[in-house]
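Topology and contacts: notes
This is what each chain is made of:
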2 protein chains.
Amino acid sequence: MPLNGVDTPTLFATIKAVGAEPALANFQFRAKSRWLSGTHSESTIHGFFGAGGEQTHVAPYKAESDHPRVLCGADAAPSPVEWVLHALASCLAAGIGNIAAARGIKLTRVESTVEGDIDLRGLLGLSKDVRNGYERIAVSFEIDGDASPDQLRQVVMQSQARSAVFDILTNGVPVSVSAKTLAAA
Amino acid sequence: MPLNGVDTPTLFATIKAVGAEPALANFQFRAKSRWLSGTHSESTIHGFFGAGGEQTHVAPYKAESDHPRVLCGADAAPSPVEWVLHALASCLAAGIGNIAAARGIKLTRVESTVEGDIDLRGLLGLSKDVRNGYERIAVSFEIDGDASPDQLRQVVMQSQARSAVFDILTNGVPVSVSAKTLAAA
């Protein structure tokens, strides 16, 4: 039965279909980004590949990013490192919704606070001993539903165990960066 | 002189101030997230700690996230793994804006496409040999400005070398997840 807004029969059927035809599991997600001014940019997220073909979201989503004023940005939007925290919180929340539904647990509240600690001497080039990125990230959930505290905590832990963004952040990913210039000198 | 929308005198003064008082470099960024239904959630990004005290963005920023329909979501927003690509693209773009300004290069165009390849058998629990997250991410920039192609490419490479999100994604971060339950069983 559908639960928590999750169509569990369709979810189980999808997992079964992918199990029977693993090529359906190959996805490529994409963002197109355009620099606007200073530290301000805008991404468009629309098309992706998956389930055997090209797909599109129901609409082209746009999102901006900027540095805060204390870091000399215009603060037109959240900063890039804050978007990382949003990605992590939302990936864990989505997993919690799905996993609780699969286990027949009705959720009434799931909230989290994500905190990322960073020493800016790294990215400002002021210290070679300090990394550019977060030193640590802590996620604190408050979860409520029609199951025991232990069952609810196990849903959170299973979401962590299957989270794409948790894996990306904790284990790292090979990233290649290339640049093409169009102008002659 | 200010360039590319970057107030370079203030940027250099900020770097100098942090060099003189390293405690100013300790920042904590935060997101608060609320599960809505299914795989749909919303984050609020407002306060952060840095430059010696509590700070707030000019406004509380809100951002949603959801799974696409082909993955049984309602597609109300970009997916968590797409937010990771936005974070990376926008971090590199912000660095390019700052670094070009510091080098006296006027930019006329900076665009990127970010692609992340993922085999969903990992997060669907269908294979123990497949990771949950991206197998690889590729960023392709097109950059134009009043400098040689080589100088422009070097701006992109220096942005990568100082990027917080590039470091986070390629080198990983320790992430702790905790859960508090409020309801009795």
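Here the structure is shown first, and the text comes after it.
1. Structural notes on helix H1 (residues 8-20) of chain B
Residue and element names in this part refer to chain B. If you check H1, its first and last C-alpha atoms are 18 Å apart, about what 13 residues at 1.5 Å a residue would give, namely 18 Å. Residues of H1 that are buried include every one of Thr8, Leu11 and Val18, and no others. Projected down its long axis, H1 carries its buried residues within an arc of 90°, all on one side. Across H1 from its buried face, at more than 90 degrees, point the exposed residues Lys16 and Ala20. Each element contacted by the buried residues of H1 is listed here: helix H2 (80-102).

2. Quick look at the sheet that holds strand E4 (residues 107-119) of chain A
Pairing is mixed in the open sheet, where six strands are placed in the order E3(B)-E2(B)-E1(B)-E4(A)-E5(A)-E6(B). Because the sheet does not close on itself, it has two edges, and the strands there are strand E3 (53-65) and strand E6 (175-181) of chain B. With strand direction ignored, the average angle separating the axes of adjacent strands in the sheet is 15°. Here strand E2 (residues 40-50) of chain B runs beside E3 of chain B; their pairing, made up of nine bridges, is antiparallel. For Glu42 of chain B, the partnering residue across the bridge sits in E3 of chain B and is Glu64 of chain B. Sitting on the sheet, helix H3 (residues 149-162) of chain A is in contact with E4 and strand E5 (136-145) of chain A together with E6 of chain B, with an inclination near 155° to E6 of chain B.

3. As for the packing of aromatic side chains
Residues and elements named next belong to chain A. Considering all chains together, one arrives at seven aromatic pairs over all chains under this definition. With 6.3 Å between their ring centres and 15° between their planes, Phe27 and Phe48 make a pair best called stacked. Note that Phe27 is positioned in strand E1 (residues 26-37) and Phe48 in strand E2 (residues 40-50), a separation of 21 residues in sequence. Across this residue pair, the class does not change: Phe27 and Phe48 are buried.

4. Things to note about the interface of chain B and chain A
Tallying the contact residues gives 132 residues for chain B and 132 residues for chain A. Between chain B and chain A, roughly 11,400 Å² of surface is buried when both sides are summed, and carbon and sulfur atoms account for 62% of that area. Where chain B touches chain A, the interface holds four salt bridges. With a closest N to O distance of 3.8 Å, Glu142 of chain A and Lys180 of chain B form a salt bridge. The tally of links from chain B across to chain A stands at 64 residue pairs in polar contact (both at pLDDT 80 or more). The greatest single-element share of the side of chain B that touches chain A, amounting to 17 residues, is contributed by H2 of chain B.

How each quantity is defined
Residues numbered from 1 in each chain as written. Chains lettered and ligands numbered in written order. Predicted model: local features only at pLDDT ≥ 70, side-chain atom pairs only at ≥ 80, totals over all residues. Heavy atoms only, no water. Helix = DSSP H or I, 4+ residues; strand = E, 2+ residues; numbered from the N terminus. Expected span 1.5 Å × (residues − 1). Buried < 20%, exposed > 50% of the residue type's maximum accessible area, 1.4 Å probe, protein only. Arc of directions from axis to C-beta. Contact = heavy atoms within 4.5 Å. Pairing = 2+ DSSP bridges. Axes fitted to C-alpha atoms, helices over the stretch in contact; angles between N-to-C directions. Phe/Tyr/Trp six-rings, centres within 6.5 Å; stacked < 30°, edge-to-face > 60°. Buried area = accessible area lost by both parts, 1.4 Å probe. Salt bridge = Lys/Arg side-chain N within 4 Å of Asp/Glu carboxyl O. Polar contact = N/O pair within 3.5 Å; in protein donor to acceptor, adjacent residues only side chain to side chain.

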